[in-house]
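Chain and residue survey
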Amino acid sequence: MRKLFIASTLVFGLAVCGFWLASAVLTPPEAGAGVVQKTTEPQWSAEEVARHDRPTDCWMILGREVFDFSTYLPQHPSDPDVITPWCGKDASEAYLTKTKGRPHSPYADSLLPKYRIGVLK
Ligand code: HEM
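Each value, and the rule that gives it
Residues numbered from 1 in each chain as written. Predicted model: local features only at pLDDT ≥ 70, side-chain atom pairs only at ≥ 80, totals over all residues. Heavy atoms only, no water. Core = buried A, V, L, I, M, F, W, Y, C linked by side-chain atoms within 4.5 Å. Buried < 20%, exposed > 50% of the residue type's maximum accessible area, 1.4 Å probe, protein only. Helix = DSSP H or I, 4+ residues; strand = E, 2+ residues; numbered from the N terminus. Contact = heavy atoms within 4.5 Å. Donors = N, O, S within 2.8 Å, 3.2 Å for Na, K, Ca; no water. Pairing = 2+ DSSP bridges. Axes fitted to C-alpha atoms, helices over the stretch in contact; angles between N-to-C directions.

A few words on the nonpolar core. Membership of the largest hydrophobic core comes to 16 residues, with the highest contact counts inside it found for M60, L62, F67, F69, L73, L112 and Y115. Listing elements by their share of this core, those giving two or more residues are β3 (57–62), α4 (92–97) and α5 (106–115). Counting residues per element, this core draws most heavily on α5, at 4 residues. What L112 contacts, discounting residues up to four positions off in sequence, is L62, F67, F69 and Y95.

Note on the iron atom of the ligand: its protein donors are H76 (NE2) and H104 (NE2). The metal-donor distances range over 2.0 to 2.1 Å. With relative accessibility at 18%, the residue H76 sits in the buried group.

Strands pair in a sheet through their backbones, by hydrogen bonds, and they do so in one of two ways: parallel or antiparallel. Read from one edge of the open sheet, 5 strands run β1-β5-β4-β3-β2, paired in mixed fashion. One side of each edge strand has no neighbouring strand; the edge strands of this open sheet are β1 (43–44) and β2 (53–54). Pairing analysis gives 4 bridges linking β3 to strand β4 (residues 65–68), with the strands arranged antiparallel. Across the sheet, W59 pairs through a bridge with D68, a residue of β4. Most of the contacts of α5 go to strand β5 (residues 116–120), to which it runs at about 85°, and overall it touches β3, β4 and β5.

Shown next, in the form of structure tokens:
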């Protein structure tokens, strides 16, 4: 009886190890593991953003993200002179402070994803 117990424990242990080894050997490596993950998101240089510096073609950098606000500009509640100077530029600070030391509302933040076109190179 004791021999049977030892033998079955051994067989069970070997089976567990076998499955563990087989899964370690046979499971393909995760996509991109060990290599730099490629992003399909468009990447823009600051020079490219700077080319879109007009009210009708207005790109801005906020943080590391790039936005095309061309269609939003006519809807912006302030005087256009407040926002248009930031077309083609890094407007992170201006957006965070409205140039008046006050942050935009969560509603304003919620509009941003619609105009996001990629990230900074
Ligand atoms: C980047 C330069 C920008 C500057 C300097 C700027 C400045 C201002 C100013 C002065 C006001 C009106 C006064 C006030 O509410 O305190 C305002 C309001 C507002 N702005 Fe901008 N803005 C900028 C960009 C944007 C962008 C990119 C959006 C959204 C896509 C946006 C959305 C709004 C909204 C929704 C309001 C109404 C008040 C609020 O919700 O905070 N603004 N902004």
